[in-house]
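This is what each chain is made of:
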Amino acid sequence: MTSALRRSLSAGVVDVWFSFTNDNRLKAAQKDYEEMLSQSELEQYQQLKHVDNGWDYLVSRALLRTVLAEYCELSPQEIEFQVNDFGKPELSNSSVSPIIQFNTAHTSGLIVCVVTRDKAIGVDVECRSENPGILDVAEDYFSALELQALKSRDETQQLNYFYRFWTLKEAYIKARGEGLSIPLHDFSVVLGNDGEFLEFFGPDAESWDFRLLGQNAAYTAALSVNGRIAGLNFFHSVPLGPQSEQSAANAFDLGSAPAGDRRHRIG
């Protein structure tokens, strides 16, 4: 059964959808989520259930399918995907024009899905670790410019800046859709004194735009688009359930989830 086109996107606008996987309201729709899955997704889900990742996978597919159904002529279960040579998915059976571009990311407790029109897009989200040892990863993956900037920060700020660099770089890799054939240390993102994105040095640098979507005590998220980002909208979603538009300041804050586990933004 098809559904009418309900949402449109202006050029350059990105809609950012997210769902917290510990939201108690999700469990009531578990059977409906399972029925959305394609055969290959169902097989993947069954495999992941045995290693404790099944629930996050199920919610991520439900969020993606219900979000895409907001923009195209298909119901969530009718949506079909194809992948490029590096595994990046795209819609294969939607006739909506302009072309819907999307990407997803998930980390412990949080699923993010971004949607725009025509332009390649990538998103990354990371659950913050308080282990300073994670900074050692930067030596292997950050450019010399990024390493210098990271080490110039006060020790109390370095973890925040590490996650900002990391998510921006991962978002770019995912938007390119070429996997790690693009080494992470071969391009650079530049952050300002307050941690905001300033500049990008890499292939076709003038074609790319970036945004830090948010950083709080739990999560850091970032976005990359092969074109200018004209605006952002944030939506908290329980797939097949309530949706609410969020301010950029409150995005990914557990305060927008049901009362219980809540963390405060740190900048």
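As shown above, the structure is provided for reference.
Residues numbered from 1 in each chain as written. Predicted model: local features only at pLDDT ≥ 70, side-chain atom pairs only at ≥ 80, totals over all residues. Heavy atoms only, no water.

A. Structural detail: the packing of aromatic side chains. The final tally for this structure, using the stated rule, is 18 aromatic pairs. Centre to centre, the rings of Y141 and W166 are 5.6 Å apart; their planes meet at 80°, and the pair counts as edge-to-face. One end of the pair, Y141, is in helix α4 (residues 138-141); the other, W166, is in helix α6 (residues 155-176), and 25 residues separate them in sequence. Overall, the relative accessible area of 36% leaves Y141 in the partly exposed class. The exposure class of W166 is buried, given its relative accessible area of 15%. Through a chain of ring-to-ring contacts, three or more aromatic side chains come together here, namely Y141, F142, F162, Y163, F165 and W166. (Phe/Tyr/Trp six-rings, centres within 6.5 Å; stacked < 30°, edge-to-face > 60°. Helix = DSSP H or I, 4+ residues; strand = E, 2+ residues; numbered from the N terminus. Buried < 20%, exposed > 50% of the residue type's maximum accessible area, 1.4 Å probe, protein only.)

B. Structural view of the state of the cysteines. Within the structure shown, the criterion is met by 0 disulfides. With no disulfide of its own, C72 lies 12 Å from the sulfur of C113, the closest cysteine sulfur. Not engaged in a disulfide, the cysteine C127 finds its nearest cysteine sulfur in C113; these two sulfurs lie 20 Å apart. Looking at C127, the relative accessible area reads 30%, which means it is partly exposed. (Disulfide = S-S within 2.5 Å.)

C. Seen up close, the sheet that holds strand β9 (residues 209-215). Reading across from one edge, β6-β10-β9 is the order of the 3 strands in this open sheet, with antiparallel pairing throughout. Lying at the two open borders of the sheet, with one neighbouring strand each, are β6 (121-127) and β9. Across the sheet, the axes of successive neighbouring strands diverge by a mean angle of 15°, strand direction being ignored. With 7 bridges connecting them, β6 and strand β10 (residues 219-225) associate as antiparallel partners. The residue bridging V125 from the neighbouring strand is A221, located in β10. Sitting on the sheet, α6 touches β6, β9 and β10, and the angle it makes with β6 is about 145°. (Pairing = 2+ DSSP bridges. Axes fitted to C-alpha atoms, helices over the stretch in contact; angles between N-to-C directions. Contact = heavy atoms within 4.5 Å.)

D. Seen up close, helix α2 (residues 39-48). Those residues of α2 lying buried are E41, Y45 and L48. The arc that holds the buried residues of α2, viewed along the axis, is 65°, so those residues lie on one side. In α2, the exposed positions angled more than 90 degrees off the buried face are occupied by Q39, S40 and Q47. Residues of α2 that are buried in the fold lie against α1 (30-36), α3 (54-69) and β2 (81-83). (Arc of directions from axis to C-beta.)

E. How the structure looks around the pairing of β10. With 7 of its 7 residues buried, β10 lies for the most part within the structure. Burial of β10 is two-sided: the residues Y219, A221, L223 and V225 facing one way and the residues T220, A222 and S224 facing the other way are all buried. Direction of pairing for β9 relative to β10: antiparallel, over a ladder of 6 bridges. Across the sheet, the residue bridging to F210 is S224, located in β10. Remark: 3 residues form the turn of the hairpin made by β9 and β10, two consecutive strands paired antiparallel.

F. Inspection of the pairing of strand β1 (residues 13-20) at higher detail. Counted residue by residue, β1 has 8 buried out of 8 residues, so it is predominantly covered. In β1, alternate side chains face the same way, and those of V13, D15, W17 and S19 on one face and V14, V16, F18 and F20 on the other are all buried. Examined bridge by bridge, β1 and strand β11 (residues 231-237) share 6 bridges and lie parallel to one another. From the neighbouring strand, W17 faces β11, where its bridge partner is F235. Of the strand pairs in this sheet, β1 and strand β5 (residues 110-117) are connected by 6 bridges, and their pairing is antiparallel. Note that in β5 the partner of S19 across the bridge is I111.

G. Quick peek at the environment of A248. Tracing the sequence through the fold places A248 in the segment after β12 (243-246). For A248, a relative accessible area of 43% puts it in the partly exposed group. The sequence separation of A248 and E35 amounts to 213 residues, and the corresponding C-alpha distance is 33 Å.

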